[in-house]
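Residues per chain are reported as follows:
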Amino acid sequence: MKLKSHINHIIQEAFVKAGIEHEAISVSESTKAEFGDFQFNGAMALSKKLGKNPREIAETLIKHLDLDTILSKAEIAGPGFINLWLNPLWLALQCEVAQKDARLGVEKRAAPMKVVVDYSGPNMAKQMHVGHLRSSIIGDTLANLLSYLGDEVIRQNHIGDWGTQFGMLIAYLEEMHKEGSVSLKDLEQFYKDAKGRFDADEAFANKAREYVVKIQSGDAHCLALWQQFIAISLGHCEEVYDKLSVKLTRDDVRAESFYNDDLSRVVRDLYGKGLLKESDGAQCVFLEDEEIPVMVQKSDGGYLYATTDLAALRYRAGTLGAKRILYVVDARQAGHFKQVFRLAKEAGFVPGDVALEHVAFGTMMDKGGKPFKTRDGGTVKLIDLLDEAVLKAQDTIKDKSSYTPEQIDALAKIIGIGAVKYADLSINRESNYIFNWDKMLSFEGNTSLYMQYAYARIQSIFRRYDGAIEGHIMISDPLEHRLCVLLLGFEDVLNRAAVDAAPNQITSYLYELATLFMRFYEQNPILKEGVKQEIKMSRLVLADLTAKTMKQGLNLLGIEVVDAL
RNA sequence: GCGCUUGUGGCUCAAUGGAUAGAGCAUCAGACUUCGGAUCUGAGGGUUAGAGGUUCGAGUCCUCUCAGGCGUACCA
């Protein structure tokens, strides 16, 4: 339910009745319980425009406010705040409706938007490392979220299967006379060796650059070797996605190489539009007020990632017909995307009304605030990190004796992976993220385990009760009132998180929901003796809606819930 | 040098331009014949890096300073 929209509508009606014209101003959640459920601060903002003092405007508004259905009370406070209370009867009824609804009252968008979410994007020359974690889970969450809200989501895994590093690998391969199948671990070491040669030997580096052009021109021998790398590497990625419950499949793969045939056309079209300029033998676009040009073709004829990104942008906006394109990529590439997005629009590759957003995220750091590395300074393989998470999660299971080994495995997987994901998703994605096992596997604070515990505790109520949950909600307690308001605000939170591409808004909400329910439950017994049947039912319905909302929210984050832990 | 970005209690983080800046961890003090105490209640702890400015109102917007991170054309 779009709770705020309903309230905004009532306010808007009051303005119309009062004969005041203004641009819409939305209510916001009250900052304190004594200020009601929502507050309207628009009177202050309108004061200058209308030439009246804000309290006067607020008084006029309040006179015309419908306080009979959704709202039950309105008060003016301070310089002209209007504090609003929701009608408990209406709240109760709406929560009942939500509890019976499979979508919990969350509406699907009337006008779905076609959205491309570009995320994960591992490099095929190497194994996935922790650097891919954030993109993979933030991107997957955004895709889940937008899809749930009714958008038509197209996931795109822009895997790095092309570029100079492959020239390097193939040049090294030839030098080593190595052919045939290469195991994954070998590939990792192989990359390191090749890189070592590349950095140390200028002649080799030049050869590698030549080979880039060679694969780009379709040399059969090179291509065959190249495909081996891709097959092995993609298989590894799928193993990681499976462990992570990230919903990327082969169908979502649009590799860099997918755009190969289009690259020369991109350059030609830029030339045709008079945007291209040769600089030191390279083809560049110099954007106004930009110090560094966008280079689309190197002096040796090879293309660059800007070229591929331009081709991908055109494909996504044109062929796929996306109206919003999200790039879930490390914040360090902000400069690149700023330029490429701008150029894509100036060159007419992407229509002006298509939203291009770089969903940037910060670097993953260790406890000491240093970039996350292994003890010897190497990159941490993602698969190792996930396996460690599952192992550590086993230790958090309290009563291991009551489970079979299989159950413990299943539980540990859900808990461990969930903890890794929740910890990441629960912070503002733009700041650097400090990775801390102890914190993420704690039962205290805004953690996955606290959420799991809260959920399991509600499920345990239902196990004890073991009957049909059918009845009416009767709000008789301030905490109960707040709980209902919070529950009905679910859709507003999801929408806002979707607009801002900010999963941490969902986790904040879920944590608030869980703690509020715990407090409510502490003070309002459900199954204890002496609780009247009607009250018991009312609280069971509320508990059920709370649990369902938690489950749905966690599922959007790609986290499963368990009924007991 | 230039550009982007961050700076909020001891620590990790919140906060559409709105009221007295909120949580959690840690610390201290409480509640238990547990509807799962892996819980709940309470307390202390802040000049939102600093200085100006815009505004009825600034952690939030603008300018400058300081500090950190990142980027800075033939890698992606």
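The rules behind each value
- Residues numbered from 1 in each chain as written.
- Chains lettered and ligands numbered in written order.
- Predicted model: local features only at pLDDT ≥ 70, side-chain atom pairs only at ≥ 80, totals over all residues.
- Heavy atoms only, no water.
- Helix = DSSP H or I, 4+ residues; strand = E, 2+ residues; numbered from the N terminus.
- Buried < 20%, exposed > 50% of the residue type's maximum accessible area, 1.4 Å probe, protein only.
- Areas by Shrake-Rupley, 256 points an atom, 1.4 Å probe, with all protein chains shown as cover.
- Pairing = 2+ DSSP bridges.
- Contact = heavy atoms within 4.5 Å.
- Axes fitted to C-alpha atoms, helices over the stretch in contact; angles between N-to-C directions.
- Salt bridge = Lys/Arg side-chain N within 4 Å of Asp/Glu carboxyl O.
- Phe/Tyr/Trp six-rings, centres within 6.5 Å; stacked < 30°, edge-to-face > 60°.
- Lys NZ or Arg CZ within 6 Å of the ring centre and 35° of its normal.
- Near = heavy atom within 4 Å.
- Polar contact = N/O pair within 3.5 Å; in protein donor to acceptor, adjacent residues only side chain to side chain.
- Right-handed = clockwise from strand over helix to strand, strands pointing away.

### Examining the overall build of chain A
- Of regular secondary structure, chain A possesses 20 helices and 13 strands.
- Expressed along its principal axes, the backbone C-alpha trace of chain A runs to roughly 80 × 70 × 40 Å.
- Across the 565 residues of chain A, 52% fall into the buried class.
- Surface summary for chain A: the accessible area is close to 25,800 Å², and the carbon and sulfur share equals 50%.

### Some thoughts on the sheet that holds strand β2 (residues 38-40)
- As summarised here, the arrangement of the four strands in space is β1-β2-β4-β3, forming an open sheet in which the pairing is antiparallel. Where the open sheet ends on each side, the last strands, each with one partner, are β1 (28-29) and β3 (71-77).
- Note: β1 against β2, two bridges, orientation antiparallel. Across the sheet, residue Glu29 finds its bridge partner in β2, namely Phe38.
- With respect to the sheet, helix α3 (residues 54-63) is in contact with β2, β3 and β4 (81-86), its orientation differing from that of β3 by roughly 165°.

### Some thoughts on the pattern of salt bridges
- If you walk through the whole model with that rule in mind, you get 26 salt bridges.
- With its nearest N and O atoms 2.7 Å apart, the salt bridge here joins Lys243 to Asp387. Residue Lys243 is found in helix α9 (residues 220-244), and its partner Asp387 is found in helix α13 (residues 382-396); the two are separated by 144 residues along the sequence.
- Judged by relative accessible area, which is 25%, Lys243 ranks as partly exposed.
- For the salt bridge of Asp353 with Lys323, the shortest nitrogen-to-oxygen distance reads 3.8 Å. Of the two residues, Asp353 is situated in the loop between α12 (334-346) and β11 (355-361) and Lys323 in the loop between α11 (305-319) and β10 (324-330); the sequence distance between them amounts to 30 residues.
- By sharing partners, the salt bridges in this structure join Glu290, Lys338, Arg342 and Glu346 into a single network.

### A word on the packing of aromatic side chains
- Evaluation of the coordinates by the stated rule reveals 16 aromatic pairs.
- Taken together, the ring pairs connect Phe372, Tyr433, Phe435 and Trp437 into an aromatic cluster.
- Directly above the aromatic system of Trp85 lies the positively charged group of Lys73, at a separation of 4.1 Å from the ring centroid.
- Looking at Arg103, its charged tip hangs above the ring of Tyr148, at a distance of 4.4 Å from the centre.

### Notes on the sheet that holds β11
- Strand order in the open sheet made by the four strands is β6-β5-β10-β11, with parallel pairing throughout. With partners counted over all chains shown, the strands left at the sheet margins are β6 (152-156) and β11, one partner each. Adjacent strand axes in the sheet meet at a mean angle of 20°, parallel and antiparallel pairs treated alike.
- As defined by bridge partners, strand β5 (residues 114-118) adjoins β10 across four bridges and the pair is classed as parallel. Across the sheet, residue Val117 finds its bridge partner in β10, namely Leu326.
- Set on the sheet, α11 makes contact with β5, β6, β10 and β11; between it and β10 the angle comes to about 145°.
- Here α12 sits on the sheet in contact with β10 and β11, set at roughly 175° to β11.

### Side note on the protein's contact with RNA strand B
- Near RNA strand B you find 65 residues, and of these Lys298, Asn428, Lys439, Phe443 and Tyr453 are the closest.
- What you see for RNA strand B is that sugar and phosphate hold 55% of its atoms within 4 Å of the protein.
- The separation between a base nitrogen of RNA strand B and a polar side-chain atom of Gln39 is 2.7 Å.
- Between RNA strand B and the protein, one listed contact pairs a sugar or linking oxygen with a side-chain N or O atom of Glu291 at 3.4 Å.

### Considering the pairing of β10
- Counting buried residues along β10, seven of its seven residues qualify, which places the element largely inside the surrounding structure.
- Judged from the seven bridges that link them, β10 and β11 form a sheet pairing that is parallel. Looking at β11, one finds that Val328 is bridged to Val359.
- Taken together, β10, α12 and β11 form a β-α-β motif whose crossover is right-handed.

What is shown is where atoms sit, not what they do.
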